[in-house]
Every structure is written in C-alpha cells, then in structure tokens.
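Here is how the chains run, residue by residue.
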Amino acid sequence: MIYTVLIILSLLAGWLAHNGYQKRMHNLKTRSSNQTWKRAHIRKEIKGVIVNSRRQNEAEQIPLTIETITQSQTSEEFIVSLTHQQNEILRMVMGRSEALAIGLELTDIKPNRPMSSDVLQTLVLLGDFSVKEVIIDTLVDSIFYATVVLQSEGGEVELDARPSDAFVIALKNEAPIYTYPSVIYSDVRASKKNDKPIA
C-alpha cells in the first residue's frame, strides 16, 4: 500500500511540476527585463499587515526535537510533536504523505524510489551547499511557515519551505531545528481557540 501511495504521489508531483514550469516560464517572459529581484527579508504580508520577519534574533532561537508522529484517532491527519528539553511545545498537523516522509528519515528506511525530498537533497549537494539550520519562524492563520538556511562559500541562502519538507531536509543533513518564542505564543493562542495549526 505504501509503495502504491509513493508511486501515485511521484506521478502527481511530476505532473504538477510540468504545469508549474510552463506557468513560471510564461510569467518570466512577461516581466520587465530590468526588474531587480532581491531576497525578501519579510516573510509575507497578509491583509496589508507585515506579520513576521524572516530572521529574528538568533539569541532567542529555541532548539526543537521531533519527538513523535501519531495518527489522529478521529481523522486521517497525523500529528508531529516537537519538544524542547523533553517538553512538548509545538504540535503540527499534516497529511499522510508528509508524515511518511518524516517517518522514513526517523527510522532510516529507504524507499525503492526517490521521494521529492531526495531530489531536493541532491540539488543541495550538487550546489555545494550545506544545511545550516531550519527555522519554524511564522504561524499565521493556523499555518506554520519555515525557512531552510543553506550555507556556501558565497554566504547564506534562505529557502521558503513547508515545515514538513524542512523537517525531512534537516533530518537528512543532521541540521538543527529552531523556532522563536513568538511562534510558540501564537500556537498557544491558536490552541485555545481549538485551531489545529498545520505544517
């Protein structure tokens, strides 16, 4: 069953990648050639309000450990528990495929066919990058956002990522996972409203 799911996901990812590529090429052709693209330092703007900077004070970073992955008793969702000093401080809801990818890394099981995260890992290595860290840096509207920080001789590069994908990359490279107090505070507020923040 697992292999069937992996094959279907692989085919779907290929189709989405092809269509996404066509759309990106069309958009690139319509953009002005003299437009300067700079790496964003602001995570995103929602309803006209800047929510969270991409990088906060490093002194406030809280190291996290992926403790458990459990399936919800009432749905097909999976819950990832993240701890700090053996105390659970974040819980993220994700789908079966995302949980499977993380579980494979935690148990060191290699699937017969490469997953999307394996392709990304290959690109990271081919680019002579190392994974410095993963940061869960924002929680907005019950959705977590993450940044994968890559290190090279030319400096650092930041990649936007879903936390579920970022976790897999961190595990593959034995890179640390961090968050900020502001994210934990936002998660506590969401929990009080019975929201289920997703990765």
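Only a predicted model underlies this, so the values are computations on that prediction, with no experimental measurement involved.

Rules used in this analysis
Residues numbered from 1 in each chain as written. Predicted model: local features only at pLDDT ≥ 70, side-chain atom pairs only at ≥ 80, totals over all residues. Heavy atoms only, no water. Buried < 20%, exposed > 50% of the residue type's maximum accessible area, 1.4 Å probe, protein only. Helix = DSSP H or I, 4+ residues; strand = E, 2+ residues; numbered from the N terminus. Expected span 1.5 Å × (residues − 1). Pairing = 2+ DSSP bridges. Salt bridge = Lys/Arg side-chain N within 4 Å of Asp/Glu carboxyl O. Core = buried A, V, L, I, M, F, W, Y, C linked by side-chain atoms within 4.5 Å. Contact = heavy atoms within 4.5 Å. Axes fitted to C-alpha atoms, helices over the stretch in contact; angles between N-to-C directions.

Draft legend 1. Representation of helix α4 (residues 163–173) within the structure. Those residues of α4 lying buried are P163, S164, A166, F167, V168, I169 and A170. Looking one or two residues beyond α4, the residue adopting positive phi is E174, at roughly 55°.

Draft legend 2. Broad picture of helix α2 (residues 96–107). Taking 1.5 Å of rise per residue, 12 residues should cover 16 Å, and α2 covers 16 Å from first to last C-alpha, within 8% of that figure. Those residues of α2 that fall on the buried side of the exposure criterion are E98, A99, L100, A101, I102, L104 and E105. D108, located one to two residues past α2, shows a positive phi value of around 60°.

Draft legend 3. Spatial organisation of the pairing of strand β8 (residues 155–161). In terms of strand pairing, strand β7 (residues 143–152) meets β8 through seven bridges, oriented antiparallel. When the bridges of β8 are listed, A146 appears paired with A161. A loop of two residues connects β7 with β8, the two strands running antiparallel in sequence.

Draft legend 4. Up close: unusual backbone geometry. The backbone of D128 shows a phi angle near 55°, a positive value even though the residue is not glycine. Positive phi is not limited to glycine here, since S142 has a value of about 65°. Classification of S142 as buried rests on a relative accessible area of 19%.

Draft legend 5. Summary view of the pattern of salt bridges. The full count for this structure, using the stated rule, is eight salt bridges. Each of E98, R162 and D165 takes part in salt bridges that share partners, so that together they form one network.

Draft legend 6. Just the nonpolar core, in detail. Core analysis: the biggest nonpolar cluster contains 37 residues, and L82, M92, I136, F167 and I177 have the highest contact counts within it. Not counting residues up to four positions away in its chain, the partners in contact with I177 are I62, P63, L64, I66, V134, I136, F167 and A170.

Draft legend 7. Structural detail: the sheet that holds β8. Pairing within the open sheet is mixed, and its seven strands lie in the order β5-β4-β3-β9-β6-β7-β8. Two strands close off the open sheet at either side, each with one partner strand: β5 (87–94) and β8. Strand after strand, the sheet turns through a mean of 35° between neighbouring axes, direction not considered. Docked against the sheet, α2 engages β3 (62–71), β4 (78–84) and β5, running at close to 115° with respect to β3.

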